[in-house]
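# Inside the fold
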Amino acid sequence: LFLELVRDVPRGRRSLARDSTEMTSRITPAPAVTGVELIPRSGSFVVAANHCQRRGLWIGWPGAVVTAAIASQRSDGQAVNWLVTGGLRLWQPGQRGPEIPITGYLFRRMARTYGITALPLTGSARRAAALRSWLRGLDRGEALGLFPEGLSGRSGELHPPEPGFEGLCRLLARRAATILPVAIFEDDGRLHVHFGAPFPAGSSEESMEAIAALLPRSQRGPFGYVRGPLG
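Moving on, we get to the overall build of the protein chain. Looking only at helices and strands, one finds seven helices and 10 strands in the protein chain. Here the C-alpha radius of gyration of the protein chain, 17 Å, is about what a compact globule of 231 residues would show, namely 17 Å. Once the C-alpha set of the protein chain is aligned to its principal axes, its extents read approximately 45 × 35 × 35 Å. Taking all contacts inside the protein chain whose residues are at least 6 apart in sequence as the whole, residues at least 24 apart take part in 65%.

Now the structure itself:
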C-alpha cells in the first residue's frame, strides 16, 4: 500500500474508501465497530470524532476505520472529506514554533490525492479559503469529517476542543448541518469505534458532549458529567 501511495501521490488520485478498507483489514485484532446503522445512507453530514492517538497508534488507523465504515453504509460508497492539518510545526507536541516548510506541500499533495481538505497552519486568507472549500461539500451532499480536539487530542481521555471549533459550529448551525458523533477508544487491546445518533449542529459543547456520551466513563475527561450507554 505504501509503495502504491508513493506512486500515485504525484498523479493526484487514490480512493480513500478503498485504502481505508484495506487498512482496516490489517488491524489485529479486528476493530469493534458499533452503531453503523445510525450512519445516514445519503445526504450531507459532519462526522465529529475524538482524536485517539498515542505512541504506536497513528490517528490515520482509527480514521481509516471510521472512513471505511461510513463508505460501506453510504448509498454512493463515497468516503469522508476530512478536514486535516496542513503541515507540521518545529515543536509539534506543543504546536509551537515555525512550520516545517516541506510539510505544508506534502500535506496538500496528500489531501489532493485523497479528496480531503488540508487546513494551512498560517495565513488567515488561506485558512479561510480552505475552510470555505470544505464547507461547500455540504452543498454537494458529502460526508465531511473533523477531530474537534485537533492535534492536542490523545487516547485515554477526551480533551476540550480547539478554540476555533465554536465558531465552526456556528457556521454549521447556520447551514442546518447534521452532526454524526463518533467515539474512538481502546479496550483490552482492541480498537473500538462507536457511532452515535445524528443531531442538528449547535454549540461546540453539544458536539463534545455527544462524543463523550459514547466513550467509557473513565475517558470522558472534562465531560465526565455526561451520561452515556457505557455508564
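Its location among the elements puts Gly 56 in the loop between β2 (45-49) and α3 (60-73). Residues Gly 56 and Arg 190, 134 residues apart in the sequence, show an inter-C-alpha distance of 13 Å.

What follows deals with the packing of aromatic side chains. By the definition in use, this model includes one aromatic pair. On the basis of an interplanar angle of 5 degrees and a centroid distance of 4.8 Å, the ring pair of Trp 82 and Phe 147 is categorised as stacked. With Trp 82 in strand β3 (residues 80-85) and Phe 147 in the loop between β7 (143-146) and α6 (165-174), this pair connects stretches of sequence that are 65 residues apart. The same class applies to Trp 82 as to Phe 147, namely buried.

Summed over all chains, the structure comprises eight salt bridges. Salt-bridge contacts for Arg 18 lead to Asp 19; the nearest nitrogen and oxygen are separated by 3.9 Å. For Arg 18, a relative accessible area of 48% gives the class partly exposed. In this structure, the salt-bridge partner of Asp 76 is Arg 74, at a minimum N-O distance of 3.9 Å. When its relative accessible area of 5% is taken as the criterion, Arg 74 is described as buried. The network of salt bridges with shared partners includes Arg 14, Arg 18 and Asp 19.

With 14 residues, α3 ought to run about 20 Å at 1.5 Å a step, and its terminal C-alpha atoms sit 20 Å apart, in line with that. Listed as buried for α3 are Gly 60, Pro 62, Gly 63, Ala 64, Val 65, Val 66, Thr 67, Ala 68, Ala 69, Ile 70 and Ala 71.

Our next topic: the packing of helix α5 (residues 124-135) against α6. Remark: α5 packs on α6, axes separated minimally by 12 Å, with the N-to-C direction vectors making an angle of 35 degrees. You can see that α5 and α6 cross each other, and the crossing is right-handed. On α6, the residues touching Leu 131, Trp 134 and Leu 135 of α5 are Leu 168, Leu 171 and Leu 172. By residue class, the composition of the contact of α5 with α6 is six nonpolar, no polar and no charged.

The next point concerns the side chain of Ser 207. Its location among the elements puts Ser 207 in helix α7 (residues 204-214). Those residues in contact with Ser 207 that sit more than four places away from it in its chain are Phe 165, Cys 169, Ile 179 and Phe 199.

Turning to the pairing of β7, a few remarks are in order. Here β7 shows a buried face lined by Ala 143 and Gly 145 and a second buried face lined by Leu 144 and Leu 146. When β2 meets β7, the two strands line up parallel, connected through four bridges. Among the inter-strand pairings, Val 47 is bridged to a residue of β7, identified as Gly 145. Relative to β7, β3 is paired through three bridges, and the arrangement is parallel.

Turning next to the pairing of strand β9 (residues 190-195). Most of β9 sits out of view: five of its six residues are buried. Strand direction decides the pairing type here: strand β1 (residues 32-34) and β9, joined by three bridges, are parallel. Note on β9: the bridge partner recorded for Val 33 is Val 193. Pairing between strand β8 (residues 178-187) and β9: six bridges, direction antiparallel. Looking at the pairing, Asp 187 lines up with Arg 190 of β9. Counted along the chain from β8 to the antiparallel partner β9, the turn is two residues long, and its residue Asp 188 has a positive phi close to 55 degrees.

Attention now goes to the environment of Leu 144. Structurally, Leu 144 can be placed in strand β7. On the basis of relative accessibility, which here comes to 0%, the residue Leu 144 falls in the buried class. For Leu 144 and Val 226, which are 82 residues apart along the polypeptide, the C-alpha to C-alpha distance reads 25 Å. Not counting the four nearest positions on each side in its chain, Leu 144 is found in contact with Phe 45, Val 46, Val 47, Val 80, Asn 81, Trp 134, Leu 135, Gly 137 and Leu 138.

About the thresholds
Note that residues are indexed from 1 along each chain, following the sequence as it is written. The predicted nature of this model means local features are confined to residues of pLDDT at least 70 and side-chain atom pairs, given and counted, to a pLDDT of 80 or more, with totals for whole chains, interfaces and linings taken over all residues. Note that water and hydrogens are dropped before the side-chain values are worked out from all heavy atoms of the structure. The secondary structure listing takes helices from DSSP runs of H or I that are at least 4 residues long and strands from runs of E that are at least 2 residues long, numbered from the N terminus. In this description the radius of gyration comes from C-alpha coordinates, and the expected globular size is given by 2.2 Å times residues to the power 0.38. Contacts are assigned to residue pairs that have any heavy atoms within 4.5 Å of one another. Each aromatic pair joins two rings of Phe, Tyr and Trp (for Trp, the six-membered one) with centres within 6.5 Å, and gets the label stacked for planes under 30 degrees apart, edge-to-face for over 60, and tilted for any other angle. Three labels apply to residues, based on accessible area from a 1.4 Å probe with only protein chains included: buried if under 20% of the type maximum, exposed if over 50%, partly exposed otherwise in between. The term salt bridge refers to a pairing of a side-chain nitrogen on Lys or Arg with a carboxyl oxygen on Asp or Glu at a separation within 4 Å. Here the expected span of a helix is defined as 1.5 Å times the quantity of residues minus one. Here the axes come from fitting lines to C-alpha atoms, over the contacting stretch only for helices, and the angles between their N-to-C directions go from 0 to 180 degrees. In this scheme the crossing of two helices becomes right-handed for a clockwise turn of the near helix relative to the far one and left-handed for an anticlockwise turn of less than a right angle. Only Asp, Glu, Lys and Arg are considered charged, only Ala, Val, Leu, Ile, Met, Phe, Trp, Tyr, Cys and Pro nonpolar, and every remaining residue, Gly among them, polar. Strands pair, by our definition, only if DSSP identifies at least two bridges between them.

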